[in-house]
Amino acid sequence: MKCPFCGSLETQVIDSRVSETGDAIRRRRKCMNCDKRFTTFETVEMRMPQVVKSNGTRIDFNVEKIRTGFNRALHKRFVPTEFVDQAIARITANVHSLGEREISSRSIGEMVMAELYKLDKIAYIRFASVYKSFQDVEDFRSALHEVERPPGIKGGKAGAKPGSKGAAGPGNKARVAVVKSRPTSA
Ligand SMILES: [Zn+2]
């Protein structure tokens, strides 16, 4: 470690201790050349990846944007801030642990949805409806299906049932009601 006073590389560690918060090592050093003392801190590098948006642009990972997403979805819901903080911390740790230089905004969105699913089903639907920009009743219906069973467990059928598009109005409403009335295992 180069001496900040004379530039000499001959320095000696005279004291070494972990910081009070436990996330840094503080070292007291003495320059062997000019005899001056200085302190260095050793911390874990928390470099977050760049977020690649759907239009291809790159932005810095911003935890406040994630919080805004949570707050919008959880508006007037009964979820303690502490739980939201923990969810955001899990997402941040998750993103960091991937060790990638870039991550898609879609992947982060999926993580937010997974956390909202655990926190509050209404907030999950709210977020999913904006995030997935539901095109029709069928999209909304499949999201309700996801609320009824854990995400990640994909059902056998893919895509919308043929013929369901024509039945707008009461018919679709009735089907949604059927989905909601199923006993929930959560
Ligand atoms: Zn020096």
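For clarity, every value in this text was computed on a predicted model and none was experimentally measured.

A. The arrangement of the packing of helix α3 (residues 105-119) against helix α4 (residues 121-131) in detail. It is the contact of α3 with α4, at a shortest axis distance of 8 Å, that shows an interaxial angle of 155°. By the angle class used here, α3 and α4 are roughly antiparallel. Like other packed secondary-structure pairs, α3 and α4 cross with a definite hand, here left-handed. Counting all contacts with α3, which are made through Gly109, Val112, Met113, Leu116, Tyr117 and Leu119, the residues of α4 involved are Ala123, Tyr124, Phe127, Ala128 and Tyr131. Taken together, the residues that form the contact of α3 with α4 break down as ten nonpolar, one polar and no charged.

B. Representation of α4. All of the buried residues in α4 are Ala123, Tyr124, Phe127 and Ala128. The arc that holds the buried residues of α4, viewed along the axis, is 130°, so those residues lie on one side.

C. Seen up close, the nonpolar core. The biggest cluster of nonpolar side chains holds 17 residues, and the ones touching the most others in it are Met113, Leu116, Tyr124 and Phe127. For this core, the elements supplying multiple residues, two or more each, are α1 (63-73), α2 (81-98), α3 and α4. When residues of this core are assigned to their parent elements, the largest contribution, five residues, is made by α3. Filtering out sequence-adjacent residues up to four positions away, Leu116 remains in contact with Ala73, Ala123, Tyr124 and Phe127.

D. Fine view of the sheet that holds strand β2 (residues 24-31). Strand order across the open sheet formed by three strands is β1-β2-β3, with antiparallel pairing between neighbours. At either margin of the open sheet sits one strand with a lone partner, and together these are β1 (11-18) and β3 (37-43). Each strand of the sheet is rotated relative to its neighbour by a mean of 25°, with strand direction disregarded.

Calculation rules
- Counting of residues starts from 1 at the beginning of each chain's written sequence and follows it residue by residue.
- Note on the predicted model: pLDDT of at least 70 is required for a residue's local features to be given, and 80 or more for side-chain atom pairs to be given and counted; whole-chain, interface and lining totals, by contrast, use all residues.
- Here the axes come from fitting lines to C-alpha atoms, over the contacting stretch only for helices, and the angles between their N-to-C directions go from 0 to 180 degrees.
- The numbering of helices and of strands both runs from the N terminus, where a helix is a DSSP run of H or I of at least 4 residues and a strand a run of E of at least 2.
- Any angle from 65 to 115 degrees is called roughly perpendicular, while one under 35 is roughly parallel, one over 145 is roughly antiparallel, and all others are oblique.
- A clockwise turn of the near helix away from the far one marks a right-handed crossing, whereas an anticlockwise turn of less than a right angle marks a left-handed crossing.
- By the criterion used throughout, residues are in contact when their C-beta atoms, derived from the backbone, lie within 7 Å.
- Each residue gets one of three labels, nonpolar for Ala, Val, Leu, Ile, Met, Phe, Trp, Tyr, Cys and Pro, charged for Asp, Glu, Lys and Arg, and polar for the others, Gly among them.
- Here a residue counts as buried when 20 or more other C-beta atoms sit within 10 Å of its C-beta, as exposed when there are 12 or fewer, and as partly exposed otherwise, the C-beta atoms being derived from the backbone.
- Comment: arc refers to directions from the helix axis out to C-beta atoms.
- The term nonpolar core refers to a group of buried residues, namely Ala, Val, Leu, Ile, Met, Phe, Trp, Tyr and Cys, whose C-beta atoms join them within 7 Å.
- In this analysis, strands are considered paired if DSSP registers two or more bridges between them.

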